[in-house]
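Observations on the three-dimensional arrangement
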Amino acid sequence: MRIGQGYDVHRLVDGRDLVLGGVKVPCEKGLLGHSDADVLVHAVMDALLGAAALGDIGQHFPDTDPAYRGISSIALLKKVGKLLEGQGYRIENIDATVIAQRPKLAPYRPRMAENIAEALRIPAARVSIKATTEEGLGFTGSGEGIAAQAVVLLAGQQG
């Protein structure tokens, strides 16, 4: 068994869609980034790659590569899933938290979990998505950005 953790943060800006867990969430601002800036999926990918000691998303999908400009993070997650499968890993579970003052995410969390599970070809029951605010504190509390944390458990390859 191997444990990995991931963290990501992006700034909220005008003129971008807010995409979290592959779901377009209605909001007056979206996240700034080279891809669709899906902080939730980015944190999950980093946790998965970290658990397998395979680097991080910046190494696999650099923001200097035009091939990844505007790309769906769910598409990148599928690539990470295939990489893990090729290395002999099985995803036991994913537990992730989105940290955002707004918008309220409760109605979208089930679909986020389903999207992540589908991309990784695992049962949705293995994916937990939570959301919290920071009670108006810090950059997420002031609405400047959104962050996400993820923890994963992998089984398989021993090293």
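Attention here is on the structure that accompanies the text. Everything numeric here is computed off the predicted structure, so don't read it as measured data. (Residues numbered from 1 in each chain as written. Predicted model: local features only at pLDDT ≥ 70, side-chain atom pairs only at ≥ 80, totals over all residues. Heavy atoms only, no water.)

1. Describing a nonpolar patch on the surface
On the surface, Tyr 7, Val 9 and Phe 139 cluster together into a nonpolar patch covering about 250 Å² of accessible area. Position of Val 9 relative to the elements: it lies in strand β1 (residues 2–13). Among the residues examined, Val 9 registers a relative accessible area of 33% and is labelled partly exposed. (Patch = residues over 30% accessible without salt bridge, like charges linked within 9 Å, V, L, I, M, F, W, Y side chains within 5 Å. Areas by Shrake-Rupley, 256 points an atom, 1.4 Å probe, with all protein chains shown as cover. Salt bridge = Lys/Arg side-chain N within 4 Å of Asp/Glu carboxyl O. Helix = DSSP H or I, 4+ residues; strand = E, 2+ residues; numbered from the N terminus. Buried < 20%, exposed > 50% of the residue type's maximum accessible area, 1.4 Å probe, protein only.)

2. A short note on the environment of Val 19
With respect to the element layout, Val 19 can be found in strand β2 (residues 18–20). The exposure class assigned to Val 19 is buried, which follows from its relative accessible area of 14%. Residues Val 19 and Thr 97 lie 78 residues apart in sequence; the distance between their C-alpha atoms is 15 Å. Leaving out residues up to four positions away in the same chain, Val 19 has contacts with Asp 36, Ala 37 and Asp 38. (Contact = heavy atoms within 4.5 Å.)

3. Considerations on the sheet that holds β1
Ordered by their spatial adjacency, 5 strands build an open sheet running β4-β1-β7-β5-β6, and the pairing between neighbours is mixed. Both outer strands of the open sheet, β4 (30–31) and β6 (127–132), are each paired with one neighbouring strand and no more. As paired elements, strand β5 (residues 89–99) and strand β7 (residues 145–156) share 10 bridges and run antiparallel to each other. Paired with Val 98 across the bridge in β7 is Ala 148. Where helix α1 (residues 39–51) meets the sheet, it contacts β1, β4, β5, β6 and β7, and its direction lies at approximately 155 degrees from that of β1. (Pairing = 2+ DSSP bridges. Axes fitted to C-alpha atoms, helices over the stretch in contact; angles between N-to-C directions.)

4. Overview of the nonpolar core
Within the largest apolar cluster, 47 residues are counted, with the highest numbers of intra-cluster contacts made by Leu 20, Val 44, Leu 48, Leu 77, Ile 94 and Ile 116. Put simply, the parts of the chain that give this core at least two residues each are β2, β3 (23–25), α1, α3 (73–86), β5, α4 (109–120), β6 and β7. With 10 residues, the top contributor of residues to this core is α1. Leaving out residues up to four positions away in the same chain, Leu 20 has contacts with Val 25, Leu 31, Asp 38, Val 39, Leu 40, Val 98, Leu 105 and Met 112. (Core = buried A, V, L, I, M, F, W, Y, C linked by side-chain atoms within 4.5 Å.)

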